[in-house]
Amino acid sequence: MTLSPARVPGTGPGSGPAVRRLTATLYGYAFLDDFVLLYPVYALLFSDTGLTVWQISSLFCLWSLTGVLLEIPSGAWADAVSRRLLLWFGPLLTAAGFTLWVLAPSYWAFALGFVLWGAKGALGSGALEALVYEELDRLGAADRYGAVMGRTRAAGLVAVMAAMPLTGPVYAFGGYPAVGLASVLACLLTAATATRFPEHREPAGEAKDVDACREGPGDGTGEGLGDTVSDTPGDGWARTLRAGLAEARGNRSVRGALLLVPAVTAVWGALDEYTPLLVRDTGVAESAVPNWLLLIWAGATVGGLLAGAGRRLGTGGFAGLLAVSAVAMAAGAWVRTPAGIGLVALAFCGFQLASVLADARLQDRIGGTGRATLTSVAGVGTDLTTIAVYGAYGVIGSATTHGATFALFAVPYLVTAALLAVVGKGAGEKRTGGRRAARAARTSGSRARP
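Cut-offs and rules
Residues numbered from 1 in each chain as written. Predicted model: local features only at pLDDT ≥ 70, side-chain atom pairs only at ≥ 80, totals over all residues. Heavy atoms only, no water. Helix = DSSP H or I, 4+ residues; strand = E, 2+ residues; numbered from the N terminus. Buried < 20%, exposed > 50% of the residue type's maximum accessible area, 1.4 Å probe, protein only. Polar contact = N/O pair within 3.5 Å; in protein donor to acceptor, adjacent residues only side chain to side chain. Contact = heavy atoms within 4.5 Å. Core = buried A, V, L, I, M, F, W, Y, C linked by side-chain atoms within 4.5 Å. Axes fitted to C-alpha atoms, helices over the stretch in contact; angles between N-to-C directions. Parallel < 35°, antiparallel > 145°, perpendicular 65-115°, else oblique. Left-handed = near helix turned anticlockwise from the far one by under 90°.

Caption draft 1: Up close: the environment of P165. Locating P165 in the fold gives a position in helix α7 (residues 145-194). In the structure, P165 is positioned 125 residues away from P290 in sequence and 9.4 Å away in space, judged by C-alpha atoms.

This is how it looks when you write it as structure tokens:
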């Protein structure tokens, strides 16, 4: 028996109650996971508790570092045991952290809460994508993965936008304890929703055979070698980790997809934390800043919803998407006017679409059993790049305006777009050469006939 779920015969990519159940659970999970009223005010909670700017920054670093350290081990764990179990357990960790924050607010309580929050993120990263892709594949709907995950990200952004206007009244009613209680309840509902995920696979420790995709000698396809999994859960975890990393080493297309995810996702994901400063730098009133932020998040939401149509983009089209988005962000940030925020929103729409498409490309290229492991590897690359962007922004932003800093961070996207354009052109020339050779062979064969 293999770890790959068997496909259900007779199921189409766009119909069936099983697909509807999966996507409804997924969208509900994503919405509740981000419907956290603490999001807009937790930095204020830290400041009101007496923390300095340096202490608050150290908490953010601890949060990111926790994710980096746990990302790959948790991905291998998701491949070795139940992915649904990790998606259920993770929100409970966040609920415990939020409870600590409001019941015993202090630096060390905040630090422990961020560790728990980072662990939750690591448990879900990789496990969610792997579960959704393999369940869709089992139902014959793997081609819908990009559209489904785009809507999932949109659901999360809608939850953030819905939580923002509610935070003020709840805070006015009961202060931070009321906001914290509402956030804990959202985490508990998220965990309850995760129990509704279908999962038709066996943990690695219970399986006997694993089709580990590794590149055979000279074939470049990443297929060929088999492996055997031990009956013990510990050995299963280690074996899935090794199998996943082996696929990345042996398959060039998987390596390229792994590198593309952080190249597309990390920069704009880190810049999102600085959008309030960018908006305020345009001269709008403090009270109007949230309204302009809603415009930016609305742009990102639309980008997620466009993922289904975006799957038709080839490598050249993907490169063009990145280039146009980068130019829009640079121009919109550089002018330092409220109207420019509309261009930034357009850029975030493109970057969100590109992020979903990059993840879909990675999932399509993974052929082995270590899907969650490899997705977590991409997550680690994203986390490390994000930390680097935070550091670079601190240096650059201290020497110039936020608009100029945003414009400068458009350069990595232009570089990535140029590299993809070269790759796409090379692939196109290779296909053209292959077609010419095939025509020449057919012509030669026809002339040789008596």
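Caption draft 2: Structural context of the side chain of T301. Within the fold, T301 resides in helix α11 (residues 289-305). Under the relative-accessibility criterion, T301 is labelled buried at 8%. Here the side chain of T301 touches W297 through a polar contact of 2.8 Å, landing on its backbone oxygen. Excluding anything up to four places from it in sequence, T301 contacts A154, L157, V158 and M161.

Caption draft 3: Just the nonpolar core, in detail. If you look at the biggest cluster of nonpolar residues, it comprises 85 residues, and the most contacted ones within it are V132, F197, F318 and L322. Broken down by element, this core gets its largest block of residues, 12 residues, from helix α14 (residues 338-365). Every residue in contact with F318, bar those within four places of it in the chain, is listed here: L260, V264, L313, A354, L357, A358, R361 and L420. Counting residues in each nonpolar core, the second largest holds 23 residues, with V36, L38, Y42 and A95 among its members.

Caption draft 4: Representation of the packing of α7 against α14 in the model. At their nearest, the axes of α7 and α14 sit 9 Å apart, and the two run at 140 degrees to each other. Taken together, the axis directions place α7 and α14 in an arrangement best described as oblique. Handedness of the crossing formed by α7 with α14: right-handed. Packed against α7, whose contacting residues are Y145, G146, M149, G150, R153 and L157, the element α14 presents Q352, S355, V356, D359, A360 and Q363 at the interface.

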